[in-house]
Amino acid sequence: MIQGSGRCHYHPERAGLGVCVECRRVICRECTTQFEGINRCASCLDQRLKALEGPGERREWSAGNVVLALMSLALVFGGILLLSQVAAS
């Protein structure tokens, strides 16, 4: 256990059972969840599960995104045309 702390981080009135391997906080029996063979607190378990889910859903393009993409393309093609005219001179 962590030196000087024998009480649960989330429930100070309860004795600590172990230490969360992610955040190293002392946790009680109620706060301990074993996942992938490792004890984690609820907060760290939630973060781990979110990481396993992968990236969020792709969103549809909004009107602002379309306008920004078209402006970017116009700048790129405008730059190419400008360079080709300078090179031709």
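Owing to the predicted nature of the structure, the values given are computational and were not obtained by experimental measurement. (Residues numbered from 1 in each chain as written. Predicted model: local features only at pLDDT ≥ 70, side-chain atom pairs only at ≥ 80, totals over all residues. Heavy atoms only, no water.)

## With respect to the pattern of salt bridges
Part 1 of the reasoning: In the structure shown here, the tally under the stated rule is six salt bridges.
Part 2 of the reasoning: Between R14 and E13 there is a salt bridge, with the nearest N and O atoms lying 4.0 Å from each other.
Part 3 of the reasoning: With relative accessibility at 29%, the residue R14 sits in the partly exposed group.
Part 4 of the reasoning: Across the pair R40 and E36 runs a salt bridge, and its minimum N-O distance is 3.8 Å.
Part 5 of the reasoning: Its relative accessible area of 3% is what places R40 among the buried residues.
Part 6 of the reasoning: Overlapping salt bridges, with partners in common, bring together E22, E36, R40 and R48 in one network. (Salt bridge = Lys/Arg side-chain N within 4 Å of Asp/Glu carboxyl O. Buried < 20%, exposed > 50% of the residue type's maximum accessible area, 1.4 Å probe, protein only.)

## Let's talk about the nonpolar core
If you look at soluble globular proteins, the nonpolar side chains tend to sit buried side by side.
Part 1 of the reasoning: Counting seven residues, the largest nonpolar core is built from C8, C20, I27, C28, C31, C41 and C44.
Part 2 of the reasoning: Among all residues touching C41, those that are not within four sequence positions of it are Y10, C20, C23, I27 and C31. (Core = buried A, V, L, I, M, F, W, Y, C linked by side-chain atoms within 4.5 Å. Contact = heavy atoms within 4.5 Å.)

## Regarding helix α1 (residues 42-53)
Since the α-helix packs 3.6 residues into each turn, any two residues three or four apart lie on the same face.
Part 1 of the reasoning: Taking 1.5 Å of rise per residue, twelve residues should cover 16 Å, and α1 covers 17 Å from first to last C-alpha, within 8% of that figure.
Part 2 of the reasoning: Looking one or two residues beyond α1, the residue adopting positive phi is G54, at roughly 90°. (Helix = DSSP H or I, 4+ residues; strand = E, 2+ residues; numbered from the N terminus. Expected span 1.5 Å × (residues − 1).)

## Considerations on helix α2 (residues 63-88)
Part 1 of the reasoning: Taking 1.5 Å of rise per residue, 26 residues should cover 38 Å, and α2 covers 37 Å from first to last C-alpha, within 8% of that figure.
Part 2 of the reasoning: The buried fraction of α2 amounts to zero of the 26 residues, a small share that puts the element mostly on the outside.

## Here's the deal with unusual backbone geometry
Backbone phi values are negative for most residues with the exception of glycine, while trans is the configuration of most peptide bonds.
Part 1 of the reasoning: Unlike most non-glycine residues, R24 shows phi in positive territory, near 65°.
Part 2 of the reasoning: Secondary-structure assignment places R24 in the loop between β1 (18-19) and β2 (26-27).
Part 3 of the reasoning: Judged by its relative accessible area of 47%, R24 falls in the partly exposed class.
Part 4 of the reasoning: Non-glycine residue E36 carries a positive phi angle of around 60°.
Part 5 of the reasoning: Topologically, E36 is positioned in the loop between β3 (33-35) and β4 (38-40).

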